[in-house]
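Each chain, letter by letter, is given below.
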Amino acid sequence: MTEYEYKPAEPQESLREIIYRDPDGKVVVDNKGRILYANPAFARLTGQNTDTLHGQLFGFPIIEGQSSEIEIASPEGGYGSAEMRAVQINWQGIPASLVSIRDITERKQAEEALKKSEEKYRELIENISDVVWTVDKNLNITYISPSIEQMVGETVENYMKRSLKEWLPPSSVEKLYSTISEVLEKEKDPNYDTKTPRVVELEHYLKDGSTIWGSMHVLPLRDKNGNIAGFQGITRNITERKKAEEALKLAAEEWRTTFDSITDMVAIIDTDRKIKRVNKAFARALGLTPQSIIGKTCYQVVHDLNEPHPSCTFDNTVGANKTCHHELFEPNMGKHLECAMSPLRNGHDDIAGVVHTFKDITRRKEVEAEQQALRDKAEVSSRLASVGEMAAGIAHEINNPLTSVLGFSELLLQEDLPPETQEHVKYIAEGSKRVKGIVKRMLTFARQTKHHKTSLDICELIDNTLEMRSYVLKTANIEVIKKYAPGLPCVTVDPGQLQQVFMNLIVNAEHAINKARDGGTLIITTEREDGTISISFTDNGTGMSKETLSKLFHPFFTTKEPGEGTGLGLSLSRSIILEHGGTIEVNNDFGKGTTFTIRLPVTQPAEAEKSEDSETQPKSKDVKPPKASILVVDDEPGVRDYTREVLAQAGYDVEVTGKPAETLEKLEASSYDAILMDIRMPGMSGKELYSDIKAKWPEMARRVVFITGDVSDASTDEFLKEHGLPYISKPFEQDALLEKVSELLRT
């Protein structure tokens, strides 16, 4: 609701009755100074109707805990004086002030009359209900008005036989002396208005020993020289007002006791989403005090967010005027919560906020998650198994155009180009090589074929893995610090599997750092230790709790949000390291960071598998090729033209075709010293074409060199090894191509 659509709150009937019957004016004012409720006495005092007062600005400054005098417009015209006092209350879940207004116009007029005429003064004070009194410096009573008999049940004569402090309980005597001390202290200030009374509320004994409450206005009483000779004042019986205030406090305390007895988290929230009240269960669940929560928004306190939670149903609850439910996992509490929001209405059935409850359903969600994990296991395994095949397809699609881009850019660099053009072409060549490396690392990482162990430099493998994640690390402001020991021996491992382990640990470190702060450090250390090589990944993230550590390597256990992790990463990583005869350990400092340490045995490497990668081949640029005819078969025009250009420049007779069927026709008509053949082509694959060649021209089958976009594909790898066929991987550079052809022609 807007400020201009404000509706008054309606009190409980018992509280309303107390205020309604109070002879003094009573007004309930909210924190914005708007009137929530006014009793008939206040309406009479101001000459207005109670209904028209609701929602109006009160118009007077409210100082809680102190009485003050205000000037108010009289219904008959002109202005009058009133005594105002305010106390803080909670009005239907809304912080407000209960303001008591008593018309003291008559008293003020009486004080004015006292100045004009002693006789009129005495006549006036003897006929008013308030008690007028004077005392000396020792609080001996020097005058008391006849109204004292009505107030305390004792005659003036008997009352004056005792000192004023004898009529007051010890606590009230102490308060009175404190007030007098303040008056005397103020007298030293030349700017102090000596005519302003000090107001103090005191208990006062009755004749029968019981007590009443009085509001006492105290002023210095001066002699003819202006020196303080005592004190004078007026006392008003405020017992009924104090009883009303006490009744309000008692009702509020009973409500608070009931509210705090609820075991679920409960918060009362206004229409601005600010928390007005919480029960003890709410504060305990967050480890906070209720006082530190009040005034903040629910999304700040519960979710640590700067805007409403995406799942919040506040708008639906207020807009549709109905109770709404939703479930969420709250990481700040580590709990699954069932949340409900119900409209909170005032006495006019207008929505003044919502009642927000949270029920802990963590155990129920854990049981559901365990059941779902079993159902998901088969699906996860199936997806993991398909990664290699998918990567092979992607690699082939990338490597085909990349071959021509990289190749022709190299050829252009050999031409006599303008410097600016040559610089542009160099960028193309370098960028193509970078893409080539990315594709190669992706294939190594994603391969799901049978495992191949090879002897390699572990630091180089770590660098390759980091390169795949470099962009994410940079944008997350995570600094990678490498502490590699020099001269480490090679280890015999499956590079794809080890990259999978390294990638998992790097991603977990990113998650922990981002959860702790914006940016951080990841330190990677390699060392040699008694026949093993250790690799440590140390982050300065959040660390882990004891509960998390106990479940760390369990399948399907994850601390990430739903959809961010399967819970299989560390479980699979541990299995891979154990298969390699190594160990994986974790050292944790909760709140400061985590270190994962892998130890792999140093082994005598078996005969290393020969890599057919063009980057490892010797260069043959200066080797003059023999006169030979070569047939190039590739469905990609760019690859075809690039291969023909390189071979033709080297002095070979080259024919090309993009159709496998046309290859067979050419072989019927001619013979060739070498055939360069793509392994994947539409219509007829290179494997099928090779089978036909082998069946018809066995001698030519020994002259075939395959061109492939992915040798890590399971079926391609098995085919090449089964037939002992040479191959060259796309994208290839001209030196690698010439060396492969020269090697074939030499055999």
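If you're wondering where the values come from, they're calculated on a predicted model, not measured in any experiment.

Conventions and cut-offs
- Residues numbered from 1 in each chain as written.
- Predicted model: local features only at pLDDT ≥ 70, side-chain atom pairs only at ≥ 80, totals over all residues.
- Heavy atoms only, no water.
- Helix = DSSP H or I, 4+ residues; strand = E, 2+ residues; numbered from the N terminus.
- Contact = heavy atoms within 4.5 Å.
- Disulfide = S-S within 2.5 Å.
- Buried < 20%, exposed > 50% of the residue type's maximum accessible area, 1.4 Å probe, protein only.
- Axes fitted to C-alpha atoms, helices over the stretch in contact; angles between N-to-C directions.
- Parallel < 35°, antiparallel > 145°, perpendicular 65-115°, else oblique.
- Left-handed = near helix turned anticlockwise from the far one by under 90°.
- Nonpolar A, V, L, I, M, F, W, Y, C, P; charged D, E, K, R; others polar.
- Expected span 1.5 Å × (residues − 1).
- Pairing = 2+ DSSP bridges.

By secondary structure assignment, the location of Thr362 is in helix H14 (residues 362-413). In this structure Thr362 touches Lys335 and His336, once residues within four positions along its chain are discounted.

Turning to the state of the cysteines, a few remarks are in order. A full pass over the atoms with the stated rule returns 0 disulfides. Counting only cysteine sulfurs, Cys312 is the nearest neighbor of Cys298, a cysteine outside any disulfide, at a range of 6.7 Å. The buried category is assigned to Cys298, whose relative accessible area is 10%. The thiol sulfur of Cys324 is not disulfide-bonded, and the nearest other cysteine sulfur, from Cys312, lies at 9.7 Å. Its relative accessible area of 10% is what places Cys324 among the buried residues.

The next point concerns the packing of helix H20 (residues 637-649) against helix H25 (residues 734-746). The contact between H20 and H25 brings their axes to 10 Å, and the two run at 70°. As the angle between them shows, H20 and H25 are arranged roughly perpendicular. The two elements H20 and H25 cross, and the hand of that crossing is right-handed. Listed contacts from H25 to Tyr642, Thr643, Val646 and Leu647 of H20 are Gln734, Leu737, Leu738 and Val741. Classifying every residue of the contact of H20 with H25 gives 6 nonpolar, 2 polar and no charged.

What follows is about the packing of helix H21 (residues 660-669) against helix H22 (residues 686-696). For any two helices packed against each other, the geometry comes down to the angle between their axes and how far apart the axes lie. For the pair H21 and H22, the least separation of the axes is 10 Å and the interaxial angle reads 20°. If you check the angle between H21 and H22, you find them roughly parallel. Between H21 and H22 lies a crossing of right-handed hand. For the pair H21 and H22, contact is made by Pro660, Thr663, Leu664, Leu667 and Glu668 and by Leu689, Asp692, Ile693 and Lys696, respectively. Among the residues making up the contact of H21 with H22, the classes are represented as 5 nonpolar, 1 polar and 3 charged.

So, on to helix H9 (residues 239-260). Here H9 spans 31 Å end to end across 22 residues, near enough to the 32 Å set by a 1.5 Å rise per residue. Inspection of H9 places Thr239, Arg241, Ala244, Glu245, Leu248, Phe259 and Asp260 among the buried residues, and these make up the whole buried set.

A separate point is the pairing of strand S9 (residues 211-222). Two elements, strand S8 (residues 198-205) and S9, share 8 bridges in a ladder whose sense is antiparallel. What sits directly across from Arg198, in S9, is Val218. Hairpin connection, S8 to S9: the antiparallel pair is bridged by 5 residues, and Gly209 has positive phi, about 95°. Hairpin connection from S9 to strand S10 (residues 228-237): 5 residues lie between these consecutive antiparallel strands, with Gly226 at a positive phi of about 85°.

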